[in-house]
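Residue strings, one per chain:
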Amino acid sequence: MQETKPTRVRYLILLMLFLVTTINYADRATIAIAGSSLQKDLGIDAVTLGYIFSAFGWAYVAGQIPGGWLLDRFGSKKIYALSIFTWSLFTVLQGYVGEFGVSTAVVALFMLRFLVGLAEAPSFPGNARIVAAWFPTAERGTASAIFNSAQYFATVLFAPLMGWIVYRFGWQHVFIVMGVIGIVFSLIWLKVIYSPRQHPMINEAEFNHIAANGAMVDMDQDKGKGKKTDGPKWDYIRQLLTNRMMLGVYLGQYCINGITYFFLTWFPVYLVQERGMTILKAGFIASLPAICGFIGGVLGGVISDYLLRKGHSLTFARKAPIIAGLLVSSSIVACNYVDIEWMVVGFMALAFFGKGVGALGWAVVSDTSPKQIAGLSGGLFNTFGNLASITTPIVIGYIISATGSFKWALVFVGCNALVAVFSYLVIVGPIKRVVLKEPTAKDAGISSLSEAKS
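Residues numbered from 1 in each chain as written. Predicted model: local features only at pLDDT ≥ 70, side-chain atom pairs only at ≥ 80, totals over all residues. Heavy atoms only, no water.

Glancing now at the nonpolar core. Ranked by internal contacts, the top residues of the largest apolar core, which has 127 residues, are Trp134, Trp189, Phe262, Trp266, Tyr270 and Met348. Taken together, domain 1 (8-218) and domain 2 (233-437) each give at least three residues to this core, which thus spans both. Sequence-distant contacts of tyrosine 270, defined by excluding residues within four places in its chain, comprise Arg275, Cys335, Val344, Met348, Phe406 and Leu410. (Core = buried A, V, L, I, M, F, W, Y, C linked by side-chain atoms within 4.5 Å. Buried < 20%, exposed > 50% of the residue type's maximum accessible area, 1.4 Å probe, protein only. Domains from an automatic or database assignment. Contact = heavy atoms within 4.5 Å.)

The subject of this paragraph is the domain arrangement of the protein. Each assigned domain of the protein is listed with its residue range as follows: domain 1 (8-218) and domain 2 (233-437). Here the C-alpha centre of domain 2 lies 18 Å away from the C-alpha centre of domain 1. Every contact between the two is made by 53 residues of domain 1 and, on the other side, 60 residues of domain 2. Aspartate 367 is paired through a salt bridge with arginine 140; the nearest N and O atoms lie 4.0 Å apart. Summed over the shared surface of domain 1 and domain 2, the result is 8 residue pairs in polar contact (both at pLDDT 80 or more). Counting residues per element, the ones that place at least two in the side of domain 1 that touches domain 2 are helix 1 (9-42), helix 2 (46-62), helix 3 (64-74), helix 6 (123-134) and helix 7 (137-169). Ranked by residues supplied to the side of domain 1 that touches domain 2, first place goes to helix 7 with 22 residues. Residues belonging to the side of domain 1 that touches domain 2 are distributed by class as follows: 31 nonpolar, 16 polar and 6 charged. (Salt bridge = Lys/Arg side-chain N within 4 Å of Asp/Glu carboxyl O. Polar contact = N/O pair within 3.5 Å; in protein donor to acceptor, adjacent residues only side chain to side chain. Helix = DSSP H or I, 4+ residues; strand = E, 2+ residues; numbered from the N terminus. Nonpolar A, V, L, I, M, F, W, Y, C, P; charged D, E, K, R; others polar.)

And the structure:
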């Protein structure tokens, strides 16, 4: 029978990316929700807690380029599944560090957070590769924004749950619960994720639609079967690092992630220590800015793709939401000038909404990455962006230790937003796909789906 109506398998793939990213960020945030109780139980100061917060970032950054290379060589499905299982296992193990003495527990917690970061390294480059393989150019902004907005949904869904678990059972249990959820999901991933050519649910009409409109459908062809391919050359990295547009994107993402990691690490502690809330209340309050961030994150992608469909250039369609959103995000500094609780939460929500609208970096990566090193390009982008996961918790820890309050910490976060605006306005220039010199991989060409599956 001839199939004329396209299937919508790519939306199932996007749902899986959204769910796995929700789990990803929930596992990152476990330490923030447990942080205040953990700090009290282990008797550690703000600087030490800042270094524990940063442990994830050291490994996450170090693993980006190797993780991107593994994705390019072996494909997204198996590498990502292994990543999910491994980071979830290390999350479970964090629940048992309290069995050791204080000094040993601190070292064990740091090392396990480090291993979680290393295991999560392929996740966002994997997201970008899958979106590039499954979505046409005009849908890519929305798709990238949806999976990226899962970071806010993770807080909305899990922060109240994790706050309740810590309040009711103790901080150890939050790691065990979240880790088990991730292990189960890794098995579901293997059953649902395939490349466009290999997915058993896609039909010819959907495949032809996405292939003809910019999706890189052959990105993972045969890699899942263990076929060896040449690894990306270091000269490719040099070309990306000498590209002004990409350097501007990298700087912008570093600053955007500086805002993200304040919310992922110090924000619940800010609510407890600076604003006098209980950890249970802080868990629920933290979800309110996250709801606004989620709305802003989806809205940013929708606006960007709408501008693109209306005939605006790719550069304008991507830059306009980014710049406008980050200007709004700088309003976080206003929290220093209000004492009423609902106003503090309101400004935090506004800042997170703006950050969500402006967080289109992964859409830009999907638009600009060369096909033969899409994973490596995403890994390099995430390397620079997640340097903030190291610096932000540590810098804020020192600021709090030196000043005794969060006021200058919020100024630091607001300045990150303004520097990102400068980067996209002045440095990035026109947004276009990077063309590498002397490519090592030839485009495979697009044959019919029926021929590929026969």
